Amino acid sequence: MEPKPSSSAGTPIIEVTGLTKAFGRAPAKRVALRGVDLSVAPGEWVAIVGPSGCGKSTLLHLLAGLDTADSGSVRLAGEEISALSAGRRALARRHRVGLVFQAYNLVPHLTVQANVELGMRVAGTGRRATRARAQELLDLLGLSDVARALPATLSGGQQQRVAIARAAATRPDVLLADEPTGALDSEATGTVVDLLRTENAGGRTVVMVTHDYAVAATADRIVFLRDGKVTDERRPRGLTDSGGVVGVLPGPGPGATAAAGSSSGDDAEGPEPAGTGTGDVDLLGLGSW
Amino acid sequence: MLALLDRGPAHGYELKRAHDELFGDVAPPVNVGQIYVTLTRLERDGSVVHHVEANADGPDRKIYELTEVGRKALRGWLADPSELPVGKSDIVLKLVAGLITDGTIAPAVAEHRMRCIQALRTLADLRATKRPAGQSRDPGGLNEAANTDDTRATSTNTTGGTGGTGGRTDLPVGLGDLLREASVLHLQAELRWLDLVEERLSGRL
């Protein structure tokens, strides 16, 4: 199911070392990042999680070249972007990065289709190719019906799908998403996560900042950020093979463990399997069994 | 169990299978031995009765059915107040024990967090594979859905079994989603609480 390159393959698409960033001056100075190292492999899907104010949005903005670090380095496909001028950074961003924000950031007076075409126009893609690509994406996302509508008439989930289509339209190496599901209900969150998953399965690197662990759990790797530092990194693995959350979720109590242990030994019927403590344990968590 | 038998008579293994089909995504499979223990107890209480059915392919089977007493017990249980999802969970007990004994529980908190995340991942994967085919737009997703169906079909065939109707589960549309969503929301709440624990007790774990 995962034909994606492992993190060890090739050079990283994103390489961050010793990144620091503070806002404000001495008395009111707020340190956002205190030396962050992060390496992202091409095709990887990374979630950055942490409490609000931990610096995760700042980190994403630095990856996007929207802001500059106080010290440290950000390499995008080998190119050091923190040393570039604002204009050169914008250029690097245009070619390599697609951005998705919590508030969608669609242009309100442009139609859905025009919003999707925006990045391609800025990048100088030909008119015909631009139109074809936009229509392809809108078809793919089931948004053809609303292509001529204004963003405000769409639901939040639809607007975010438009924003992702816009970000992906120029086929950037990397999609950077800042709380992409932050303003969405659980169903719209599901469709947006599915879309990011599809983008990633197509080989696109995705780095997203989120406070929603259910969203982060879908990533290849979770980076925990706290007080401007990376405190942990984990690779979540599902256990779908074993059928359900069985392997991860503890049973209703110690009795369930005993039951699971004895089931492998003796599957035959019989009112009193040996070694199974019944006691007062609620056998199935269903009260009235 | 009473509710499953309310749908019609069934033997023990059918009840196990019905339970596992209903709750397979969110709870461990139930040991068939436990089913028989429970049936014996319910029979003692007068909630169920059984008769023996000859079985050409193997040992005779006990077919259980609900009595009027059992039906009343089921209605009573449905009307009873439900348990609240609050109080002394395992991790809460460990946190308290760790704090009052100077034992370090930081590793337990980190481990528990990861298990919660893995459970969320499993539920997300299940959601992705069980989503109706029409909703999935990427071929990969469709393939996964097809594989899951194959697996299910095979396991149903191998378990076999006929007799009563109590073992049959025609799931109401969306019930599986709702069961998974309950677990997702509880796990999200647990993770938020773990963040709070870490924030408030940093340095004391």
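Being a predicted model, the structure only gives us computed values, none of them experimental.

Looking only at helices and strands, chain B features eight helices and three strands. Starting at the N terminus and ending at the C terminus, chain B contains elements arranged as α-β-α-α-β-β-α-α-α-α-α. Classification of the 205 residues of chain B by burial places 39% in the buried group. For chain B, the computed accessible surface area is about 11500 Å², with 56% contributed by carbon and sulfur atoms.

Right, let's talk about the overall build of chain A for a bit. When helices and strands are tallied, chain A shows eight helices and 10 strands. Relative to all contacts within chain A whose residues are 6 or more apart in sequence, the contacts with residues 24 or more apart total 68%. Surface accessibility of chain A: about 13400 Å² in total, with carbon and sulfur atoms responsible for 51%.

Quick look at the sheet that holds strand 7 (residues 174-178) of chain A now. All names here are of chain A. One open sheet accounts for six strands, arranged 6-7-8-3-9-10; its pairing is mixed. The sheet is open, and its two borders are formed by strand 6 (97-100) and strand 10 (229-234), each paired with just one other strand. Between one strand and the next, the sheet's axes are offset by a mean angle of 20°, whatever the strand orientation.

Moving on: unusual backbone geometry. Residue and element names in this part refer to chain A. Positive phi, normally seen in glycine, also occurs at A77, with a value near 50°. Mapped onto the elements of the fold, A77 is located in the loop between strand 4 (71-76) and strand 5 (79-80). Overall, the relative accessible area of 35% leaves A77 in the partly exposed class. A positive phi angle, near 50°, is found at R171, a position not held by glycine. Relative to the elements of secondary structure, R171 occurs in the loop between helix 5 (156-168) and strand 7.

Here we come to the sheet that holds strand 1 (residues 14-23) of chain A. The strands making up a sheet associate through hydrogen bonds between their backbones, and the pairing can be parallel or antiparallel. Residues and elements named next belong to chain A. Here we have four strands laid out as an open sheet, ordered 2-1-4-5, and antiparallel in their pairing. In this open sheet, the two edge strands, each paired with only one partner strand, are strand 2 (30-40) and strand 5. Pairing geometry for strand 1 and strand 4, over five bridges, is antiparallel. Opposite I14, over in strand 4, you have L76 as the bridge partner.

Let us look at empty space enclosed by the protein. The rolling of a water-molecule-sized probe over the atoms marks out the regions of remaining empty space. Residues and elements named next belong to chain A. Summed over all chains, the structure comprises one cavity of 30 Å³ or more. Counted as a void, the largest cavity has a volume near 30 Å³. Forming the boundary of the largest cavity are L62, G65, D67, T68, A69, V74, I81, S82 and R89. When the residues that make up the lining of the largest cavity are grouped by side-chain class, the tally is four nonpolar, three polar and two charged.

With that settled, consider helix 3 (residues 32-44) of chain B. Residues and elements named next belong to chain B. Between its first and last C-alpha, helix 3 extends 19 Å over 13 residues, near the 18 Å set by a 1.5 Å rise per residue. Those residues of helix 3 not exposed but buried are V32, G33, Q34, I35, Y36, V37, T38, L39 and L42. Two or three places before G33, at the start of helix 3, stands the capping residue N31, its side-chain oxygen 3.0 Å from that residue's backbone nitrogen. Looking one or two residues past helix 3, G46 carries a phi angle of roughly 85°, positive in sign.

Next up on the list: the environment of A188(A). Here A188(A) shows up in helix 6 (residues 186-201). Through-space distance from the C-alpha of A188(A) to that of Q158(A) is 8.0 Å; in sequence the pair is 30 residues apart.

Now for the confidence of the model for chain B. All names here are of chain B. Per-residue pLDDT for chain B averages 79, and the proportion of residues at 70 or more is 79%. Element-level pLDDT for chain B is lowest in helix 7 (residues 139-159), with a mean of 33, against a maximum mean of 94 in helix 4 (residues 68-79). Note on residues 133-167: pLDDT is under 50 here. Beyond four places in sequence and across chains, it has 43 contacts.

In this model, chain A carries a mean pLDDT of 79, and residues with pLDDT of at least 70 account for 79%. Predicted confidence for residues 240-244 of chain A stays below pLDDT 50, and this span has 10 contacts to residues more than four positions away or in other chains.

On to the nonpolar core. Generally speaking, soluble globular proteins have nonpolar side chains that are buried together. Among the nonpolar cores identified, the biggest contains 57 residues, and V116(A), I117(B) and L120(B) are the most heavily contacted of them. Those residues within four positions of L120(B) in sequence are excluded, and the remaining contacts are Y213(A), A214(A), A217(A), V184(B), L187(B) and L191(B). Ranked by size, the runner-up nonpolar core spans 29 residues in total, among them L33(A), V36(A), L38(A) and V174(A).

As enumerated under the stated definition, the model contains 22 salt bridges over all chains in all. In the salt-bridge network here, residues are joined through shared partners; they are E44(A), R221(A), E233(A) and R235(A).

The next point concerns the packing of helix 3 (residues 112-122) of chain A against helix 4 (residues 127-140) of chain A. Residues and elements named next belong to chain A. The N-to-C vectors of helix 3 and helix 4 enclose an angle of 130°; their axes lie 9 Å apart at closest approach. Between helix 3 and helix 4, the interaxial angle falls into the category oblique. As for how helix 3 packs across helix 4, the hand of that crossing is right-handed. Along its contact with helix 3, which presents V112, Q113, V116, E117, M120 and R121, the element helix 4 presents T130, R131, R133, A134, Q135, L137 and L138. Its residues assigned to classes, the contact of helix 3 with helix 4 comprises six nonpolar, three polar and four charged.

Right, let's talk about a nonpolar patch on the surface for a bit. Residues and elements named next belong to chain B. Together, V96, L99 and I100 line one region of the surface with nonpolar side chains, adding up to about 280 Å² of accessible area. By the element assignment, I100 lies in helix 5 (residues 90-101). A residue is classified by how much of its surface remains accessible, and I100, at 68% relative accessible area, is exposed.

Running from N to C, helix 6 of chain A and helix 6 (residues 106-130) of chain B cross one another at 85°; their axes reach a closest spacing of 12 Å. One element, helix 6 of chain A, and the other, helix 6 of chain B, form an angle in the roughly perpendicular class. Of helix 6 of chain B, the residues touching helix 6 of chain A (which contributes G190(A), D194(A) and R197(A)) are A124(B), D125(B), R127(B) and A128(B). By residue class, the composition of the contact of helix 6 of chain A with helix 6 of chain B is two nonpolar, one polar and four charged.

Cut-offs used in this document
Residues numbered from 1 in each chain as written. Chains lettered and ligands numbered in written order. Predicted model: local features only at pLDDT ≥ 70, side-chain atom pairs only at ≥ 80, totals over all residues. Heavy atoms only, no water. Helix = DSSP H or I, 4+ residues; strand = E, 2+ residues; numbered from the N terminus. Buried < 20%, exposed > 50% of the residue type's maximum accessible area, 1.4 Å probe, protein only. Areas by Shrake-Rupley, 256 points an atom, 1.4 Å probe, with all protein chains shown as cover. Contact = heavy atoms within 4.5 Å. Pairing = 2+ DSSP bridges. Axes fitted to C-alpha atoms, helices over the stretch in contact; angles between N-to-C directions. 1 Å grid on protein atoms, 1.4 Å probe; cavity = no way out; pocket = protein on both sides within 12 Å on 5 of 7 lines; lining within 4 Å. Points joined across faces, edges and corners; volume = space filled by probe spheres on them. Nonpolar A, V, L, I, M, F, W, Y, C, P; charged D, E, K, R; others polar. Expected span 1.5 Å × (residues − 1). Polar contact = N/O pair within 3.5 Å; in protein donor to acceptor, adjacent residues only side chain to side chain. pLDDT = per-residue confidence, 0-100. Core = buried A, V, L, I, M, F, W, Y, C linked by side-chain atoms within 4.5 Å. Salt bridge = Lys/Arg side-chain N within 4 Å of Asp/Glu carboxyl O. Parallel < 35°, antiparallel > 145°, perpendicular 65-115°, else oblique. Left-handed = near helix turned anticlockwise from the far one by under 90°. Patch = residues over 30% accessible without salt bridge, like charges linked within 9 Å, V, L, I, M, F, W, Y side chains within 5 Å.

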